[in-house]
Amino acid sequence: MEALRSVFEARKAENRPALVTFVTAGYPAKNDTVPILLAMQAGGADIVELGIPFSDPIADGPLIQETNSVAINNDIDYATVLGQLREARNQGLAAPVILMGYYNPLLAYGEDKAIQDAAEAGANGFIMVDLPPEEAITFRQKCININMSYVPLIAPSTTLHRIKFLSSIADTFIYVVSKMGTTGSSEKVAVNNAVGFGVATRDHFNTVADAGADGVVIGSRLVSVIKNSSPSEIVKNVEAYCREVCQKDEPSHAVSLPVSHSTASGPAVLPSGRFGEFGGQYVSEALFDCLAELERAHKAAMSDPEFWKEFQSFYEYTNKTSRLYFAENLTKDAGGAKIWLKREDLNHTGSYKINNAIGQILLARRIGRTRIITDTGDGQHGFSMECIIYMGAEDVRRQALNVFRIEMLGGKVIPVHSGSCTLKDAVNEAMRDLVTNLSTTYYLAESTVSPHPFPTIVRDFQKVIGEEIKAQMKEVAGKLPDVIVACVGRGSNAIGAFYDFIPDKSVRLIGVEAGGEGTHGDKHSATLSMGQPGVLHGAKTYILQSKAGQIMETHSISAGLNYPGVGPEHAWLKDSGRAEYVIATDEEALRGFRMLTQREGIIPALESSHAIWEAVRLAKTLPKDNDIVVCLSGRGDKDVEQIHELLPKLAEKLDWHISTNAASGRKSF
């Protein structure tokens, strides 16, 4: 910490701000990092932020996203970053170094070891973009214990009360994310602050200095300098740029502004929104107050009879209560337990998702938002408000019919071409949009992932599924079901079906994950079966990740299950033993699809087909007086196009031969 404090004290004595520079470790090549760090120092950088690459940097723009992807392709992990820092120290790097990035790579490395090894490598502190103080209580203490700095962030959306709190815990400086020309609150705080966001030129540097900043952060522009340089010119150009911006050895320009002292109490416990160790709010500072506002609105709505009256007034529109259907032919084929289908596929727009969509639209109106954004792999959306749907480009291709329906209903689909071009990447882009447009925009979380309070909000609007199952089974069978089966991708239909039965220990809860091509390799989406605890999209849960903490690409025949994480409540249900999680492969899902289509005349979504397969398999092992309820989460007309393409390749294996003559002349949407 002392090295950082000394830098700010020295620059204040010279009446100039400190220059803080950023580079992603391993960009553009593995061996470039050390020379770039030394070039920054030679050009006048006072403090260096060394970026830890992460596969899903949701708080960063396209340029920094690209550097992360390049670095990961260059096999840069946390241990390698520390090795580069050690080498730079050995070669004469004296400037303080802040390690900057996202929490999951450190969590995968081991938090204690990550902090200790960083100190031994020569790091002076951390800026963790998605680890706000409320989630960093133990992390901060561990840093303090070995004289490492934890640097808080302030965003344009941060309230004055929170600014006071953040300044009270800052041990060296605060990183202020601000649009050019915006100085934030008019009340100053007694702590060093470094301002960064769009700083590119000497004039920008002077503008930020005139606003009273103790430091000026430059990142993206430096990355552009590196990107646009030939390999042999990178070091020279980086040094020249830094020298030009800070005008090293030139007369000072900065204007020192007075500050007023403030104190604020910090959190003593982890924030709410946890299911055991899972959940939480691992988010950038820009989202923190927005989520607090949403949590207050949600709690108020849940206790407001008028809200529920309005919500239930849409039941006629959405076709609630959905039917409970006895699958007589599947039951006969299985020869064991009775199989019932909870027909959420009969809801308006063809799935259970309308339950949550209506509820959150009402919440959005309640807090005055006028624009809706969301993400999907397979859903249909259509609202009376402006609605933007982010969808992976690959999912746009295989869900062409749904995309057409979305746009008929008035929504706008934006294909996402980054990463694997699937659901994970759509979530990334939706959250980036939210950060950019907080004042007008409501992020309608489609499932039970994302930071608190989203998992709870979605659960509260989907739990109607289980409540209806309980009432319907008592009516038709005079008892509770013995088993509830639901497919699990991110987990919203399953938690909706499970939640009301969690206290009923006699009822088995079985979630069916996407086994893809089998869990012997990595072409699957079996997060709970094969994953490890980590942090993704704002919550701690089970995720599919590499040993280095990078998020893995997943595979499923079903777009809606193709995701490397799961809702944190499911992670808790797994670890507590209250729910069981199994897999169904692509082939088994197709067999489930065929069984229900041909034996009951019901075309299920490919997502639901995973649950159908497991229900029939399980029914064969249970006595005839047992009852299994399957949440039939959606109808399958959206998947017919995809199955038409796949079936010729799998017909022999599945022994499923359908003439395609009638469809050969149709046009794709």
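Residues numbered from 1 in each chain as written. Predicted model: local features only at pLDDT ≥ 70, side-chain atom pairs only at ≥ 80, totals over all residues. Heavy atoms only, no water.

Participant: Whenever I open this one, the side chain of Asp-586 confuses me. Can you help?
Facilitator: Within the fold, Asp-586 resides in helix α25 (residues 586-600). At 7.5 Å, Arg-398 is the nearest oppositely charged side chain to Asp-586, a buried residue that forms no salt bridge. Excluding residues within four positions of it along the chain, Asp-586 makes contact with Gly-516, Glu-517, His-555, Ser-556 and Ile-557. (Helix = DSSP H or I, 4+ residues; strand = E, 2+ residues; numbered from the N terminus. Buried < 20%, exposed > 50% of the residue type's maximum accessible area, 1.4 Å probe, protein only. Lys, Arg positive; Asp, Glu negative; His and termini not counted. Salt bridge = Lys/Arg side-chain N within 4 Å of Asp/Glu carboxyl O. Contact = heavy atoms within 4.5 Å.)

Participant: I keep staring at helix α6 (residues 111-121) and nothing clicks. Help me out?
Facilitator: Helical periodicity: at 3.6 residues per turn, an α-helix aligns residues three or four positions apart in one direction. Taken together, the buried positions of α6 are Glu-111, Ala-114, Ile-115, Asp-117, Ala-118 and Ala-121. Packing partners of the buried residues in α6 comprise α4 (78-90), β3 (97-101), α5 (103-109), β4 (125-128) and α7 (137-145).

Participant: Help me out: how do you make sense of the pairing of strand β13 (residues 338-342) in this one?
Facilitator: Each regular strand displays side chains that alternate between the two surfaces of the sheet. Most of β13 sits out of view: four of its five residues are buried. When strand β12 (residues 324-326) meets β13, the two strands line up antiparallel, connected through three bridges. Note on β13: the bridge partner recorded for Phe-326 is Trp-340. Alignment of β13 against strand β23 (residues 627-631), held across five bridges, turns out to be parallel. Paired with Leu-341 across the two strands is Val-630, which belongs to β23. (Pairing = 2+ DSSP bridges.)

Participant: Where do I start with empty space enclosed by the protein in this structure?
Facilitator: In this approach a probe as big as a water molecule rolls over the atoms, and the regions it shows empty are the leftover space. Within the structure shown, the criterion is met by seven cavities of 30 Å³ or more. Space inside the second largest cavity adds up to approximately 140 Å³. If you trace the second largest cavity, you find 17 residues lining it, with Ile-58, Tyr-102, Asp-130, Tyr-282 and Gly-538 closest to the centre. When contributions to the lining of the second largest cavity are tallied by element, the ones reaching two or more residues are α19 (423-436) and β20 (532-536). (1 Å grid on protein atoms, 1.4 Å probe; cavity = no way out; pocket = protein on both sides within 12 Å on 5 of 7 lines; lining within 4 Å. Points joined across faces, edges and corners; volume = space filled by probe spheres on them.)

Participant: Can you walk me through helix α1 (residues 2-13) in this structure?
Facilitator: In a regular helix each residue adds 1.5 Å, so twelve residues correspond to 16 Å; α1 covers 16 Å between its end C-alpha atoms and thus fits that length. Along α1, the residues classified as buried are Leu-4, Val-7, Phe-8 and Arg-11. The buried residues of α1 occupy one face: seen down the axis, they fall within an arc of 90°. Turned more than 90 degrees away from the buried face of α1, the exposed residues are Glu-9 and Ala-13. Asn-15 sits one or two residues past α1 and shows a positive phi near 60°. (Expected span 1.5 Å × (residues − 1). Arc of directions from axis to C-beta.)

Participant: Got a minute to help me understand the sheet that holds strand β17 (residues 441-443) in this structure?
Facilitator: Two modes of strand pairing occur in sheets, parallel and antiparallel, and in both the strands are linked by backbone hydrogen bonds. Taken in spatial order, the four strands of this open sheet run β16-β15-β14-β17, and their pairing is parallel. Looking at strand neighbours, the two that pair on one side only are β16 (412-416) and β17, the edges of this open sheet. Direction aside, the axes of adjacent strands within the sheet are offset by 25° on average. Where strand β14 (residues 371-376) and β17 come together, three bridges link them in parallel fashion. (Axes fitted to C-alpha atoms, helices over the stretch in contact; angles between N-to-C directions.)

Participant: Would you mind going over the sheet that holds strand β19 (residues 508-516) with me for this structure?
Facilitator: The six strands lie next to each other as β12-β13-β23-β18-β19-β22, forming an open sheet whose pairing is mixed. The sheet terminates laterally at β12 and β22 (579-585), the two strands that pair on one side only. For this sheet, the mean angle separating the axes of adjacent strands, direction not counted, is 25°. The sheet strands contacting helix α21 (residues 464-477) are β12, β13, β18 (483-487) and β23, and the helix crosses β13 at an angle near 135°. On top of the sheet, α25 reaches β12, β13, β19 and β22; it is set at about 90° to β22, its chief contact.

Participant: Teacher, can you tell me more about the environment of Leu-107 here?
Facilitator: With respect to the helices, strands and loops of the structure, Leu-107 is situated in helix α5. It is 6.8 Å that separates the C-alpha atoms of Leu-107 and Gly-534, two residues lying 427 residues apart in sequence.

Participant: Just checking my understanding: could you explain the packing of helix α10 (residues 220-227) against helix α11 (residues 234-246) for this structure?
Facilitator: When two helices pack together, their arrangement is given by the angle between the helix axes and by the axis-to-axis distance. Taken N-terminus to C-terminus, the directions of α10 and α11 make an angle of 145°; their axes are 9 Å apart at the nearest point. Considering the relative orientation of α10 and α11, their crossing is right-handed. On α11, the residues that touch Arg-221, Leu-222, Val-225 and Ile-226 of α10 are Ile-234, Asn-237, Val-238, Tyr-241 and Cys-242. By residue class, the composition of the contact of α10 with α11 is seven nonpolar, one polar and one charged. (Left-handed = near helix turned anticlockwise from the far one by under 90°. Nonpolar A, V, L, I, M, F, W, Y, C, P; charged D, E, K, R; others polar.)

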